[in-house]
Amino acid sequence: MSTLPHALRPWASILAKFPLEVALNLGPLVARLSAALGPLRAPSEREGGEPQGYDGLSRRGSFDRLLVSEWLWALEAPDELVRRAAFGELSYLKPSFRQPQRAHRTVVLLDAGPDQLGAPRIAHLALLIVMARRAEAAGATFAWGVLQADPRRGWFTEVTPATLGAWLNARDIASPSAERLLAWREALVLDARPADAWLVGASRLSRLVGAEMLSRIEVSEVLAPDVRQLAVEVHPAARSPRSVLLDLPSPDDSVRLLRDPFRARVAAPVKTGQHTRVSGFAFSADGRRLMLFYEGGGVGAMALPNSPRATLARPQRMMPRSDETFLGAGWRRQGGLLVLTRKQGAYVFRGQLQHQFRPHGPSAFPWTLRDTQAHPPIPARGQPPGRLTTYLDALNRECVLLSGLDDTLYFFEEDSASRRVVSAQVAQRVIAAAHVKGSSIVVTRDENERVASCMRLGIVSAKEVRQIRLQDSRGDTLWFGASHHSGHPEAGLLAVNKVPGMWCLHHRDSVQFVTLRSGLRVVGVGVCPQAKGEAGLLALDPDQRTFWNVGPQHQFRLAVAAADVVHAEASHAVPVLGWLTTEGELVLYHLEHEAVLCRLHTGGGG
């Protein structure tokens with residue numbers, strides 16, 4: 001852990017057990033809490049004990065302990081002796097005392113109940129590191145446990161991945177009780193005035209019977225708009241209280257600290273029945289759901305897990321009836337699976353759209369093209385349905401866009417009374433459509449075939465589609481990506497194909513160029529932790545198994561699939577890469593945490 005800042009070296013032995021990025025997130029919290037707690041003090045001479053000679057010099061004392069050399073002033077310069085005494089410049093012998101021998105230890109009991117779920121547990125984690133190092137520095141033993149746990153099962157004496165793993169799983173719906181606190185005091189043999197015993201939790205711990213003589217650390221989340229902080233109140237048993245505010249890490253880093261700070265666990269394979277055989281997948285228009293395409297024409301939508309520990313949600317599924325064909329599928333902006341079907345020559349939505357009463361005729365149509373005679377093609381056998389994204393028109397009605405079946409964008413609107421769905425072709429030469437940064441964006445290519453032609457971002461609003469030209473984009477591919485840093489003003493992290501083998505990356509308020517070696521196939525764009533958060537292209541190797549992150553100044557291997565990959569793509573809302581293999585394994589991989597979130601065995605890859 002030599003890469004830790006110098007200020008964190010006192011806790012390096014414990015922080016070294018974490019990945020570097022996690023240790024750097026915990027470091028500021030550990031340093032601030034350590035300053036608020038202070039060192040574990042040994043008993044001083046004021047606490048008494050048997051006299052045991054002298055131990056050094058002091059500027060304070062009685063004249064019977066005045067150094068013999070100081071008495072020379074009384075003989076040679078009495079006035080100087082008086083002056084030195086008045087200004088505290090005389091030297092005295094410092095007495096030493098032999099303290100009574102007793103077990104010197106630190107005890108910490110943590111509340112894992114509902115009052116401390118979520119962000120306060122990050123402070124608990126930092127406090128355990130502080131307390132362990134604090135006891136070690138004073139030569140004291142260290143013991144800690146969870147208040148809700150049964151003390152007969154024992155307690156912990158170290159802060160290690162194994163003990164913290166038990167603490168991570170110790171979340172409880174019950175609040176601490178006086179009976180359980182009494183059991184802990186008896187098990188740990190805490191007398192009426194323990195030397196260094198602490199309760200960590202909410203302020204209600206002070207009202208428990210038996211907590212009167214214990215020190216407390218109260219942790220609460222600051223409830224204020226746009227504030228991510230914890231308020232920590234330190235109440236030592238024999239000293240005045242102190243308080244400190246802790247700035248929380250980013251939301252993703254906070255989730256990692258609470259879920260899997262050691263990356264010790266990997267996602268266990270989840271097997272599904274043969275009737276749910278997946279032939280393909282795609283991320284929804286907002287990038288926050290996984291759309292599953294089943295053999296037989298069915299579709300599903302599944303929430304993305306946020307860690308390998310998360311329970312895998314059961315997908316919402318829809319299967320086509322005998323008289324209908326699925327044309328497109330997506331996840332509505334207000335929530336819910338939405339499927340566009342073709343049934344007996346008419347279009348029908350399966351899923352509830354947002355309607356608004358129409359007071360004065362039709363609203364303004366934002367598209368310059370409206371061809372009601374053009375209709376989307378029927379997907380071929382084995383071809384997945386198109387992708388749906390929605391936007392709200394001027395009357396707050398939800399309108400649906402279909403892309404991905406060909407290079408055309410289709411518009412669909414449902415009448416709230418008759419449920420009749422009307423369609424129109426509204427854009428041509430469409431490359432991609434997604435919901436990015438709160439707006440629906442449609443990417444098209446210029447109508448002309450000149451060398452100077454380029455892509456355009458169409459920002460869809462209720463009354464217009466604002467066109468933004470992308471310079472140097474003569475290729476035919478564009479990828480949106482997820483990043484905490486700024487990128488393109490309208491689209492965030494963006495990778496644009498300039499010419500074959502050359503890409504433009506819009507990231508951190510700049511445009512950088514990436515040259516891709518022959519054979520690599522781009523499947524998305526994302527950040528690279530090994531390159532300190534710089535963006536890069538997500539590319540599949542010619543071996544059809546190895547994934548790379550390729551940036552302007554870096555190239556790192558991300559992961560290797562267990563079998564040949566038949567489809568892969570990345571979400572533009574969260575840093576997650578997904579791939580489907582010929583063996584039917586669907587894998588979700590978190591780019592920032594460098595961990596597999598989910599392995600879904602579906603029986604075949606189509």
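All figures in this text were calculated on a predicted structure; none of them were measured in a lab.

A. A look at the confidence of the model for the protein chain. Summing up the model confidence of the protein chain, the mean pLDDT is 86 and the portion of residues at 70 or higher is 91%. Of all helices and strands in the protein chain, the one with the weakest mean pLDDT is strand β9 (residues 269–271) (54), whereas strand β33 (residues 565–570) scores best (96).

B. The arrangement of the pattern of salt bridges in detail. Overall, the coordinates contain 24 salt bridges when judged by the stated rule. Among the ionic pairs, R419 bridges to E414, the shortest N-O distance being 3.0 Å. R419 sits in the partly exposed class, given a relative accessible area of 39%. Measuring nitrogen to oxygen at the nearest pair gives 3.1 Å for the salt bridge that ties D564 to R545. Taken together, the residues span a long stretch of sequence, with D564 in the loop between β32 (555–560) and β33 and R545 in the loop between β30 (534–540) and β31 (546–550) at a distance of 19 residues.

C. Highlighting the sheet that holds strand β28 (residues 510–515). On the basis of which strands lie adjacent, the open sheet formed by four strands has the order β25-β26-β27-β28 and antiparallel pairing. Edge positions in the open sheet fall to β25 (478–480) and β28, since each of these has one partner strand only. Along the sheet, successive strands turn relative to each other by an average axial angle of 25 degrees, direction set aside.

D. Representation of the nonpolar core in the model. One finds F18, F142, W144, L164 and I217 to be the most contacted residues of the largest nonpolar core, which totals 52 residues. Among the elements that take part in this core, helix α5 (residues 120–137) stands out by supplying eleven residues, more than any other. In this structure, L540, V565, A570 and L591 belong to the second largest nonpolar core, which totals 16 residues.

E. A look at the pairing of strand β3 (residues 105–110). Across the six residues of β3, five count as buried, placing the element largely inside the fold. Pairing between β3 and strand β4 (residues 141–146): six bridges, direction parallel. Within β4, the position partnered with L110 by the bridge is V146. Sheet analysis places β3 next to strand β5 (residues 197–201), joined by four bridges and oriented parallel. Bridge assignment links V107 to a residue of β5, and that residue is A197.

F. Quick look at helix α6 (residues 161–168). Residues of α6 that are buried include every one of T163, L164, G165, W167 and L168, and no others. Buried-residue contacts for α6 involve β3, α5, β4 and α8 (251–259).

G. Region of the structure containing the packing of aromatic side chains. Evaluation of the coordinates by the stated rule reveals ten aromatic pairs. Measuring from centroid to centroid gives 6.4 Å for W367 and Y391, while their planes differ by 70 degrees, and the two rings are edge-to-face. Of this pair, W367 sits in the loop between β16 (346–350) and β17 (386–392) while Y391 sits in strand β17, and the two are 24 residues apart along the sequence. Judged by its relative accessible area of 8%, W367 falls in the buried class. What makes Y391 buried here is its relative accessible area of 2%. Every member of this aromatic cluster is reached through a ring pair, and the members are F63, W71 and Y92.

H. Focus on the packing of α5 against α6. Running from N to C, α5 and α6 cross one another at 155 degrees; their axes reach a closest spacing of 12 Å. In terms of orientation, α5 lies roughly antiparallel with respect to α6. For the element pair α5 and α6, the recorded crossing hand is right-handed. Residues R121, H124, L125 and L128 of α5 lie in contact with α6, whose contacting residues are L164, W167 and L168. Across the contact of α5 with α6, the residue classes break down as five nonpolar, one polar and one charged.

About the cut-offs
Residues numbered from 1 in each chain as written. Predicted model: local features only at pLDDT ≥ 70, side-chain atom pairs only at ≥ 80, totals over all residues. Heavy atoms only, no water. pLDDT = per-residue confidence, 0-100. Helix = DSSP H or I, 4+ residues; strand = E, 2+ residues; numbered from the N terminus. Salt bridge = Lys/Arg side-chain N within 4 Å of Asp/Glu carboxyl O. Buried < 20%, exposed > 50% of the residue type's maximum accessible area, 1.4 Å probe, protein only. Pairing = 2+ DSSP bridges. Axes fitted to C-alpha atoms, helices over the stretch in contact; angles between N-to-C directions. Core = buried A, V, L, I, M, F, W, Y, C linked by side-chain atoms within 4.5 Å. Contact = heavy atoms within 4.5 Å. Phe/Tyr/Trp six-rings, centres within 6.5 Å; stacked < 30°, edge-to-face > 60°. Parallel < 35°, antiparallel > 145°, perpendicular 65-115°, else oblique. Left-handed = near helix turned anticlockwise from the far one by under 90°. Nonpolar A, V, L, I, M, F, W, Y, C, P; charged D, E, K, R; others polar.

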